[in-house]
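# Analysis of the macromolecular model
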Amino acid sequence: MLTLPDDLRGSFKDPFGDIYEDADALLTDVGRPIVAVGDIVTYHLREAGHVPAVALVDGRTEREAVDEAISDALADPEHRRDVENPPGAISEGLLAALADAVAAPEPITIVVDGEEDLATLPAVLVAPAGGTVVYGQPGEGMVAVDVTLDAKAEMRALLEQMAGDVEVALTTLGVEA
């Protein structure tokens, strides 16, 4: 398991990509496959007619339970994986589920018991180049991270600053350590 040191928290304040308020505009602009991190992002993409290749949800937004309409819309995905992931951390279970989901031929929803907020880092690392990772930026909208070699390097650099066994994390993701 990797944990986020307090001195690294500020690195996550600024968005890692372009911000969109409209899911249709985002879907027009971004590459595929799409990995969605967060309940609200996943909900908006689905409402716009796009089922993300991978979605990570935890039933919460900004530390509060999502409203019933969103919860109901995301409650019964066809292909689901359940994982535990504590707040401020990235568990080995989340990493393994994410790697498996990205490789799966069908859309997978990873339902996190805990918190999925830091999943953007490993999602960018494991997603194929040309794809997009989308996550929510509280009070602003949806952030679209183009999966490029530069984005992968940036996420890896952040991941390597986390406390824990980074080599095991990268191996679990199937990324060169």
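Before reading on, note that the structure itself is shown above.
Remember, it's a predicted structure, so these values are computed and weren't measured experimentally.

With that out of the way, let us pick up the pairing of strand S10 (residues 132–137). Across a regular strand the side chains alternate sides, sitting on one face of the sheet and then on the other. In terms of residue burial, S10 counts as a mostly covered element, since five of its six residues are buried. Summarising the sheet, S10 and strand S11 (residues 141–146) pair through six bridges and their orientation is antiparallel. The residue of S11 that forms the bridge with Thr132 is Asp146.

Turning our eyes to something else, we now look at the pattern of salt bridges. Going through the model one piece at a time under the given rule, you end up with three salt bridges. Of the charged contacts in the structure, one is a salt bridge between Arg80 and Asp82, with a shortest N-O distance of 2.8 Å. Judged by its relative accessible area of 52%, Asp82 falls in the exposed class. Residues Arg156 and Glu160 are paired through a salt bridge, measuring 2.9 Å at the closest nitrogen-oxygen approach.

To continue, consider unusual backbone geometry. Here the residue pair Arg32 and Pro33 is connected by a cis peptide bond, since its omega of 0 degrees sits within 30 degrees of zero. Within the secondary structure layout, Pro33 lies in the loop between helix H1 (23–29) and strand S3 (34–37).

The next subject is the layout of surface pockets. Size it by volume and the largest pocket reaches roughly 1000 Å³. The element that contributes the greatest number of residues to the lining of the largest pocket is helix H2 (residues 39–47), accounting for four residues. Across the lining of the largest pocket, the residue classes tally to twelve nonpolar, ten polar and twelve charged.

Each value, and the rule that gives it
Residues numbered from 1 in each chain as written. Predicted model: local features only at pLDDT ≥ 70, side-chain atom pairs only at ≥ 80, totals over all residues. Heavy atoms only, no water. Buried < 20%, exposed > 50% of the residue type's maximum accessible area, 1.4 Å probe, protein only. Helix = DSSP H or I, 4+ residues; strand = E, 2+ residues; numbered from the N terminus. Pairing = 2+ DSSP bridges. Salt bridge = Lys/Arg side-chain N within 4 Å of Asp/Glu carboxyl O. 1 Å grid on protein atoms, 1.4 Å probe; cavity = no way out; pocket = protein on both sides within 12 Å on 5 of 7 lines; lining within 4 Å. Points joined across faces, edges and corners; volume = space filled by probe spheres on them. Nonpolar A, V, L, I, M, F, W, Y, C, P; charged D, E, K, R; others polar.

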